[in-house]
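Residue-level structure breakdown
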Amino acid sequence: DAKTTQPPSMDCAEGRAANLPCNHSTISGNEYVYWYRQIHSQGPQYIIHGLKNNETNEMASLIITEDRKSSTLILPHATLRDTAVYYCIVRGRMDSSYKLIFGSGTRLLVRP
Amino acid sequence: EPEVTQTPSHQVTQMGQEVILRCVPISNHLYFYWYRQILGQKVEFLVSFYNNEISEKSEIFDDQFSVERPDGSNFTLKIRSTKLEDSAMYFCASSEDTEETQYFGPGTRLLVL
């Protein structure tokens, strides 16, 4: 089962920031938080990941709380093409399992 | 930017037929994976593969399924005798190392009639 909890759906206006929350209260010290998204039925697209520090790349920013029990993915200027299902996944770098466990994610609708 | 590719994009087959789904992972990646997504459901892990061996497989990956790296670039998923319930999107992924980020291909939509 997924170790994360996300709201089933959110929406935001085009050009505004989209802030997608994720709870991972059982996260352990060596587990990373990964974010992927899936547009229509395309393959999951990697967005960003982090351990405890905030991270930023060309796609998004990831803010992880100090206790690491939750995080927020920020799309700073959402466009219509950002409409997708966003998955927050916790995965340990030293896990014996290689697999990613996908939950139901958050369906983000960007409104014109 | 390097990417994972998959062929075919769509496959229609009759129940009981064999299908082979093909993937070309990112060239310097050593770990390969298959996932599937039945319409309207979650993405599910099927199998991981490293050094010409299965590293891990899920309960879904039964004797009907097999994987192979027939040459230095391709990674295949074979379903020996397809069932109606095998209809799904099948995604290939690869990573440099088991600890590194997995990158996914665009998927093959399999429809079993």
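About the thresholds
All residue numbers refer to position in the chain's written sequence, counted from 1. Chains carry letters from A onward and ligands carry numbers from 1 onward, assigned in written order. With pLDDT at 70 or above as the cut-off, local features in this predicted model cover only qualifying residues; side-chain atom pairs require 80 or more to be listed or tallied, and sums for whole chains, interfaces and linings still use all residues. Heavy atoms throughout the structure, all of them, feed into the side-chain values; hydrogens and water do not. Numbered from the N terminus, helices here are DSSP runs of H or I no shorter than four residues, and strands are runs of E no shorter than two. Within these notes, the globule rule equals 2.2 Å times the number of residues to the 0.38 power, and the radius of gyration is based on C-alpha atoms. Using a 1.4 Å probe on the protein chains alone, a residue whose accessible area is under 20% of its type maximum counts as buried, one over 50% counts as exposed, and one in between counts as partly exposed. We call two residues contacting when some pair of their heavy atoms lies within 4.5 Å. Throughout, the Shrake-Rupley method with a 1.4 Å probe supplies accessible areas, and for residues the shown protein chains are the sole cover considered. For the purpose of charge, His is not counted, nor are the chain termini; Lys and Arg are scored as positive and Asp and Glu as negative. Charge coordinates come from a single atom per side chain, which is NZ of Lys, CZ of Arg, CG of Asp or CD of Glu. When two components associate, each loses some accessible surface as probed by a 1.4 Å sphere; the sum of these losses over both components is called the buried area. For this analysis, a salt bridge means a side-chain nitrogen from Lys or Arg found within 4 Å of a carboxyl oxygen belonging to Asp or Glu. Under the rule applied, a polar contact is a pair of N or O atoms within 3.5 Å (in protein, one hydrogen donor and one hydrogen acceptor; residues adjacent in sequence only if both atoms are side-chain atoms). Two strands qualify as a pair provided that DSSP identifies no fewer than 2 bridges between them. As a rule, the C-alpha atoms of each element are fitted with a line to give its axis, helices using only the stretch in contact, and angles between N-to-C directions run from 0 to 180 degrees. Think of it this way: a Phe, Tyr or Trp ring, Trp meaning its six-membered ring, pairs with another when their centres are within 6.5 Å, and the plane angle makes it stacked under 30 degrees, edge-to-face over 60, tilted otherwise.

Helix and strand content of chain B: 0 helices and 11 strands. Along chain B, helices and strands appear, N-terminal first, in the series β-β-β-β-β-β-β-β-β-β-β. Here the C-alpha atoms of chain B give a radius of gyration of 13 Å, agreeing with the 13 Å that 2.2 N^0.38 yields for 113 residues. Principal-axis analysis of the C-alpha atoms gives chain B an extent of 35 × 30 × 25 Å. Of all 113 residues assigned to chain B, the portion counted as buried reaches 46%. For chain B, the proportion of contacts with a sequence separation of at least 24, taken over those separated by at least 6, is 54%. When the accessible surface of chain B is split by element, carbon and sulfur atoms take 46% of a total near 5,800 Å². Looking at chain B, you have 9 positive and 17 negative side-chain charges, and the mean spots of the two groups are 8 Å apart.

Okay, the interface of chain B and chain A next. Contacts between chain B and chain A engage 22 residues on the former and 20 residues on the latter. Across the interface of chain B and chain A, roughly 1,800 Å² is buried in total on both sides, 52% from carbon and sulfur atoms. A per-residue breakdown of the area chain B buries against chain A is headed by B:Glu56, B:Glu99 and B:Phe104, which together make up 27% of the total. Taken together, the connections running from chain B to chain A amount to 1 salt bridge. In this structure, B:Glu56 and A:Lys99 form a salt bridge, with 3.0 Å as the shortest nitrogen-oxygen distance. Taken together, chain B and chain A are joined by 4 residue pairs in polar contact (both at pLDDT 80 or more). At the level of elements, β4 (31–37), β5 (43–50), β6 (53–57), β9 (88–95) and β10 (103–104) of chain B are the ones that each hand at least two residues to the side of chain B that touches chain A.

All names here are of chain B. Read across the sheet, 4 strands follow the order β1-β3-β8-β7 without closing on themselves; strand pairing throughout is antiparallel. A single partner strand is all that each edge strand has here, and the edge strands are β1 (5–7) and β7 (65–68). For this sheet the average axis-to-axis angle between neighbouring strands, irrespective of direction, equals 20°. As defined by bridge partners, strand β3 (residues 19–24) adjoins strand β8 (residues 75–79) across 5 bridges and the pair is classed as antiparallel.

Our focus in this paragraph is the packing of aromatic side chains. Centre distance and the angle of the planes are the two values used to describe a pair of aromatic rings. Scanning the entire structure with this criterion turns up 15 aromatic pairs over all chains. Seen in terms of ring centroids, B:Tyr31 and B:Tyr50 are 4.2 Å apart; in terms of plane orientation they differ by 5°. Their pairing is stacked. In this pair, B:Tyr31 is assigned in strand β4 and B:Tyr50 in strand β5, connecting sequence segments 19 residues apart. Aromatic rings pair up to connect A:Tyr34, A:Tyr36, A:Tyr46, A:Tyr87, A:Phe102, B:Tyr35, B:Phe45, B:Tyr103 and B:Phe104 into one cluster.

Moving on to unusual backbone geometry. All names here are of chain B. Along the chain, Thr7 connects to Pro8 via a cis peptide bond; the corresponding omega equals -10°. Structurally, Pro8 is set in the loop between β1 and β2 (10–13). Phi is positive for Asn51, which is not a glycine, with a value near 55°. Relative to the assigned elements, Asn51 resides in the loop between β5 and β6. Of note, Asn52 is a non-glycine position whose phi angle comes to about 65°, a positive value. Structurally, Asn52 can be placed in the loop between β5 and β6. Judged by its relative accessible area of 58%, Asn52 is exposed.

Limitation: the analysis is restricted to geometry and does not speak to function.
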